Amino acid sequence: MTAVGLFLSVIVGQSRATTILVYHSFGVRSSMSMSVEAFEAQLDFLDHSGYKVIPIEELTRCLDERQSPPDKSVVIAIDDGWSSVMKVFPILARRNLPFTLFLPMAFVANPSSTATLSRDDINALKAYPNVTFADHSWMHSPRVAGNEALAQEDIRKSRERYRQVFGRDTAYFAYPYGRVTETYSRLLREAGFKYLFVTGSSPVSAATDRTAIPRIAANRLSLTVLASVLRDHEATLAKAKSRPVPPQASLLLSETRPAPCVPRLLE
């Protein structure tokens, strides 16, 4: 294959993408919460509009292989480990949908933290084959990103606690409050985290940097806005696909484009 032909195949591969929809709590009084009914309405919309919910492992495999995610696909993530997750777990299980829980490890399966997922909750979730557990720090503090010593200790404690609860490590980490620094990112990579998730409204494509994978706060989206976001993602990708091949395409074959900077949309 010529350099231009190879470049074209990469562009076509990058013209499809996944949108990561992240939620927090359900049916409680919180600015980060949404009603169970609104959540199920979003799932109905995705289903009726032809969107497929894929597991996070399928998305990261695509990133590793620089391959296109499936057309019209989304990933469902739920942050912070609130006990209200159990209000929507039966809905997700009934629909056989995969989802990922990003957990602050100081609080989950902790008898003194009654608002978060209990040990019994975690055991019930473990029995469901389509759930992925991921790390969301130890203390979930906005101070961690700006303090190297604090970050090192937080990462160490979170890793140890995750192993205690789940018996293994995870490659997935979402920054608390979306706060990222170069030092924090380096420490996380050195600790073995391969996929780092940030705040953002961009789709995730084959070109996305594995250390800056954007997620959008779906709990803040009405059905109309959610539909608009997904349409915008499709339009953006269609435009990228239609762009002419630039000169000296062979020089761009190894280029990795990070996710663009976007407003903070979630914690």
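This text goes with the structure placed above it.
Residues numbered from 1 in each chain as written. Predicted model: local features only at pLDDT ≥ 70, side-chain atom pairs only at ≥ 80, totals over all residues. Heavy atoms only, no water.

Some details on helix α6 (residues 148-166)
Part 1 of the reasoning: In this model, α6 (19 residues) spans 27 Å end to end at C-alpha, consistent with the 27 Å of a helix rising 1.5 Å per residue.
Part 2 of the reasoning: Where α6 is concerned, the buried positions are L150, A151, D154, I155, S158, R159, R161, Y162, V165 and F166.
Part 3 of the reasoning: Where α6 is buried, its residues contact β6 (99-103), α5 (119-126), β7 (131-135) and α7 (182-190).
Part 4 of the reasoning: N-capping of α6 is provided by N147, with a side-chain oxygen placed 3.2 Å from the backbone N of A149.
Part 5 of the reasoning: Positive backbone phi, approximately 75°, marks G167, located one or two places after α6. (Helix = DSSP H or I, 4+ residues; strand = E, 2+ residues; numbered from the N terminus. Expected span 1.5 Å × (residues − 1). Buried < 20%, exposed > 50% of the residue type's maximum accessible area, 1.4 Å probe, protein only. Contact = heavy atoms within 4.5 Å. Polar contact = N/O pair within 3.5 Å; in protein donor to acceptor, adjacent residues only side chain to side chain.)

Some words on the nonpolar core
Part 1 of the reasoning: Ranked by internal contacts, the top residues of the largest apolar core, which has 40 residues, are Y23, I78, L92, F99, L101, L103 and F133.
Part 2 of the reasoning: The contacts of L92, once residues within four sequence positions are left out, are F39, L43, I76, I78, L97, F99 and Y128. (Core = buried A, V, L, I, M, F, W, Y, C linked by side-chain atoms within 4.5 Å.)

Concerning the packing of helix α2 (residues 36-48) against helix α4 (residues 85-94)
Part 1 of the reasoning: Axis separation between α2 and α4 bottoms out at 10 Å; the angle between their running directions is 20°. Judged by the inter-axis angle, α2 sits roughly parallel to α4. Crossing of α2 over α4 shows right-handed handedness. Of the residues in α4, those in contact with V36, F39, E40 and L43 of α2 are K87, V88, I91, L92 and R94.
Part 2 of the reasoning: Grouping the amino acids of the contact of α2 with α4 by side-chain chemistry returns six nonpolar, no polar and three charged. (Axes fitted to C-alpha atoms, helices over the stretch in contact; angles between N-to-C directions. Parallel < 35°, antiparallel > 145°, perpendicular 65-115°, else oblique. Left-handed = near helix turned anticlockwise from the far one by under 90°. Nonpolar A, V, L, I, M, F, W, Y, C, P; charged D, E, K, R; others polar.)

Quick word on the pattern of salt bridges
Part 1 of the reasoning: Scanning the entire structure with this criterion turns up 13 salt bridges.
Part 2 of the reasoning: The partner of R94 in a salt bridge is E40, with the nearest N and O atoms 2.8 Å apart. Taken together, the positions of R94 in helix α4 and E40 in helix α2 put the pair 54 residues apart, joining distant regions of the chain.
Part 3 of the reasoning: On the accessibility criterion, R94 (57% relative accessible area) is exposed.
Part 4 of the reasoning: Judged by its relative accessible area of 22%, E40 is partly exposed.
Part 5 of the reasoning: The residue E153 makes a salt bridge to R156 at a minimum N-O spacing of 2.6 Å. Of this pair, E153 and R156 are both found in helix α6, three residues apart, which corresponds to roughly one turn of the helix.
Part 6 of the reasoning: Overall, E153 belongs to the partly exposed group, its relative accessible area being 32%.
Part 7 of the reasoning: Judged by relative accessible area, R156 falls into the partly exposed class, the value being 37%.
Part 8 of the reasoning: One network of salt bridges, with partners in common, ties together E40, D44, R94 and R95. (Salt bridge = Lys/Arg side-chain N within 4 Å of Asp/Glu carboxyl O.)

Digging into the packing of α6 against α7
Part 1 of the reasoning: Packing of α6 against α7 leaves a shortest axis separation of 10 Å and a crossing angle of 30°. By the angle class used here, α6 and α7 are roughly parallel. Of the two possible hands of crossing, α6 and α7 adopt the one that is right-handed. Contacts between α6 and α7 involve E148, A151, Q152 and I155 from the former and T183, Y184, R186, L187 and L188 from the latter.
Part 2 of the reasoning: The class makeup of the residues in the contact of α6 with α7 is five nonpolar, two polar and two charged.

Digging into the side chain of T132
Part 1 of the reasoning: Looking at where T132 falls in the secondary structure, it is placed in strand β7.
Part 2 of the reasoning: Under the relative-accessibility criterion, T132 is labelled buried at 11%.
Part 3 of the reasoning: Residue contacts for T132: discarding those within four places in its chain leaves I56, E57, F99, T100, L101 and Y172.

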